[in-house]
Each structure stands twice: as structure tokens, then as C-alpha cells.
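Next come the chains, spelled out residue by residue.
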Amino acid sequence: MSDARPIGVFDSGIGGLTVVKALRELLPGENIFYLGDTARVPYGGKSASTVERYSVEMTDMLVAEDVKTVVIACNSASAVALPKLEQTLAVPVIGVIKPGAQAALAATRNRHVGVIGTRATIKSGAYERELRALNPDVRISVRACPLLVPLIEEGWLDDELTNRVIARYLEPLTHDGIDTLVLGCTHYPLLADAIAPFLAGKVQLVDSARNCAKAVEQLLDQQSLRASRKGEGILQVALTDAPDTFLGVARRALQLEIGELQLREVLHPAKL
Ligand code: DGL
């Protein structure tokens, strides 16, 4: 039995393509429909209720594309909207927080984990909740890093200014004694090479994109939703507004074949 319907992936914008990259590597035979909310990016500085509302609208649009599962390739959206989407969606849904938390606990030796992300993600406390639910004894140090997303979108991935910002954000976490750091934002894998030198080989990086892809693989196997293994799956990318220069940055850094972009208008649920 095989299921050729696409995996639906959404993000506030382009950053979730790091999850698509990980999915392409792990599940090359799967079709993927990616929806980026470029009309309303960023989500990371917005309130939980707004991010939840946007996330419901994005998933409704994915369901209209007949996806077999929804992947929330955005930490900010996963942090605040996953419980609601789990209750309301007819297809299984996976976020990035739980897979990241599981991988962090598997990696840590001193049970002290650091998490960096957007303000929305850190303020939600979602990583702390997930990590403590899995291991009540874990120590957690968190830090919102709102300047990193604009620096990444500017393409300053290997840049003195970016390095200074990283150093300033990470110093309190490494000083606290973390031995594992979760990149709790789907943009951040693009900065993994820039972040590594500040950890001096003493702190392991956990990339929520790659761990999310592993969780998707497990889910498809458990629910018998895998596509047939023959041939390479098709990747379709749709955005809610024309892309900015970040698409070029992500394309180059991730070496992703994206093909022709589609545009989609956000469908607002009928007002009662
Ligand atoms: N994709 C978002 C995240 O992973 C970062 C960009 C944004 O703020 O919308 O949190």
C-alpha cells in the first residue's frame, strides 16, 4: 500500500525550507507541498492568539491541497498552535518542538539544555514544558534571539556583525553550563556553522528541522502513509506573497531545487 498525496508543510515564510531540505534527504520519494506565509512573516514577534489564527488558516489551505499530513515547519507556530491543530485537523499534524526536545534529551550528558528561538517561541514556554514532561530533572536555560532572523534573511551567514550578535546571545547560556543547544527556530540551521565556534566543541547543537523530519518518517510508517519508493517526489512551493531576497539566500544555502513558485491568497474563514 502506498499513499502518493503530498506531505503538507507550512512556515511563516521561507525558513521552513530547512525542514523541507531535511525531508527531501530522509524521504526522497515523498511529494511535498510547502506553503510559506510571506504575506504575514515574521510570526516570531506576534501574539500567541494571532500566530494561532494564522496557523489555522495555513493548515486549512494545506488541507484543501489534499495533504496526507501537516508539518508545522515553524517553531513559533508549533509553540502556540499545535494543541489546537491536533484537536481540529482530520489529518495527523507534527510540530518541531517535541522532536527537538527529544533529541536534546538524548544528546545531553549533564542534563542542562539551552534553547534559543524567537520571542513568541521562548515566551510560550513550549520547550520547557516538553523537556520537563520528558525528564522532570532537566535544567533549562532559554534565550530569545530576535536579531538572528533578520540577519539570516539579509544573507549575513558568514559575517563579523552576525558573529558579534551570536556571541552576545550565547554567552549567558554557555556561562550557565549548558552542554546541548536547541536551535529552536527553523531559520537557525542556516547559522549552524557560524554558531559552532562559540560553543568551542563543548556544546552539542540540536537542529529542530532534522529531528522533525525523523518524526515525520516515523509517523508515516506508523500510519502506513508512505509513498511508493520509486522515483523522486515532487516539491511544490507556494507563498502568500511575492518572495523577497531571502528565497535566494535559502536556495543557495540549502541547494534546493524549487522550480516554479505558486502564489496563494490566504483564505479567511467566513465571519460568523
Ligand atoms: N519560522 C519562524 C520560527 O521558526 C521564524 C521566523 C518568524 O519569526 O516568523 O520560529
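See the structure printed just above.
Caption draft 1: Here's a closer look at the sheet that holds strand S6 (residues 139-144). A sheet is described by the order of its strands in space; here four strands give the open sequence S6-S5-S7-S8, paired in parallel fashion. Two strands lie at the open edges of the sheet, namely S6 and strand S8 (204-207), each paired on one side alone. Within the sheet, the average angular offset between the axes of one strand and its neighbour, ignoring direction, is 20°. Note that strand S5 (residues 112-117) and S6 share six bridges and pair parallel. What sits directly across from His112, in S6, is Arg139. Packed onto the sheet, helix H6 (residues 126-134) meets S5, S6 and strand S7 (180-184) and runs at close to 165° relative to S6.

Caption draft 2: View of the site of the ligand. Near the ligand, the surroundings consist of 13 residues, among which Asp11, Ser12, Tyr43, Gly44 and Ser76 are the closest. Measuring from an oxygen atom of the ligand, one finds a backbone N or O atom of Tyr43 at 2.7 Å. In the model, an oxygen atom of the ligand is placed 2.9 Å from a nitrogen or oxygen of the Asn75 main chain. Surface burial for the ligand is 99%, taken as the share of its 300 Å² of free accessible area covered by protein chains. Here the shell around the ligand is composed, by residue class, of five nonpolar, seven polar and one charged.

Reading the values: rules and limits
- Residues numbered from 1 in each chain as written.
- Predicted model: local features only at pLDDT ≥ 70, side-chain atom pairs only at ≥ 80, totals over all residues.
- Heavy atoms only, no water.
- Pairing = 2+ DSSP bridges.
- Helix = DSSP H or I, 4+ residues; strand = E, 2+ residues; numbered from the N terminus.
- Axes fitted to C-alpha atoms, helices over the stretch in contact; angles between N-to-C directions.
- Contact = heavy atoms within 4.5 Å.
- Near = heavy atom within 4 Å.
- Polar contact = N/O pair within 3.5 Å; in protein donor to acceptor, adjacent residues only side chain to side chain.
- Areas by Shrake-Rupley, 256 points an atom, 1.4 Å probe, with all protein chains shown as cover.
- Nonpolar A, V, L, I, M, F, W, Y, C, P; charged D, E, K, R; others polar.

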